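Chain by chain, the residues:
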Amino acid sequence: MRPFPLKQLRLAWHDAGTYNKNIEEWPLRGGANGSLRFEIEIKHAANATLSSQSGFSGLVNALKLLQPFKDKYSGVTYADLFQLASATAVEEAGGPKIPIKYGRVDVSEPEQCPEEGRLPGFEDGLVYSAMRRCSQTEP
């Protein structure tokens, strides 16, 4: 699997993986809401990139790759763009075409990001081993 698809998969998972069904109020419940574009959330421990010398560059680079699309199609939310990029990455890597529903709403400010600790650390168990099985290299 090429680095681009892996980064896009990880970006979508990290944006959506903070969802907490026990919290009723949006955006406090987290989920795919585009909050990962804010530096405060990028710096959460679970978002660190293990294979990068510079710490957080993997997800930052994934965001940079998507920014020209966001600039060109400003009506598309970051939340939808992250999930679309992930589905496209799966298809480009030889996986199935994943149908996408659009209409996710972005959080509007860093204060709406989920608190640290909502996403398991990448090196913790299932997420790490699953990603290792999907890649020949360190994710």
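The paragraphs below set out a description of the structure included in this document. Not measured: the values here are computed from a predicted model.

For the rest of this paragraph, the subject is helix 4 (residues 78–92). With 15 residues, helix 4 extends 20 Å between its outermost C-alpha atoms, agreeing within 8% with the 21 Å of an ideal straight helix rising 1.5 Å per residue. When we look at burial in helix 4, the residues that qualify are Y78, A79, D80, L81, F82, Q83, A85, S86, A87 and A89. Phi turns positive, to about 100°, at G94, one or two residues after helix 4.

Evaluated as defined, the whole model comprises four salt bridges. The closest approach of N and O atoms between R104 and D80, which form a salt bridge, is 2.6 Å. Highlighted residues: R104 in the loop between helix 4 and helix 5 (126–134) and D80 in helix 4, separated in sequence by 24 residues. On the basis of relative accessible area, R104 is assigned to the partly exposed category, the value being 25%. Across the salt bridge formed by E115 and R118, the nearest N and O atoms sit 3.2 Å from each other. Under the relative-accessibility criterion, E115 is labelled partly exposed at 46%.

Let us look at the packing of aromatic side chains. All chains considered together, the criterion is met by one aromatic pair. Ring geometry for Y78 and F82: centres 6.0 Å apart, planes at 55°, overall tilted. Of this pair, Y78 and F82 both sit in helix 4, separated by four residues, roughly a single helical turn. Residue classification places Y78 among the buried residues on the basis of a relative accessible area of 15%.

The rules behind the values
Residues numbered from 1 in each chain as written. Predicted model: local features only at pLDDT ≥ 70, side-chain atom pairs only at ≥ 80, totals over all residues. Heavy atoms only, no water. Helix = DSSP H or I, 4+ residues; strand = E, 2+ residues; numbered from the N terminus. Expected span 1.5 Å × (residues − 1). Buried < 20%, exposed > 50% of the residue type's maximum accessible area, 1.4 Å probe, protein only. Salt bridge = Lys/Arg side-chain N within 4 Å of Asp/Glu carboxyl O. Phe/Tyr/Trp six-rings, centres within 6.5 Å; stacked < 30°, edge-to-face > 60°.

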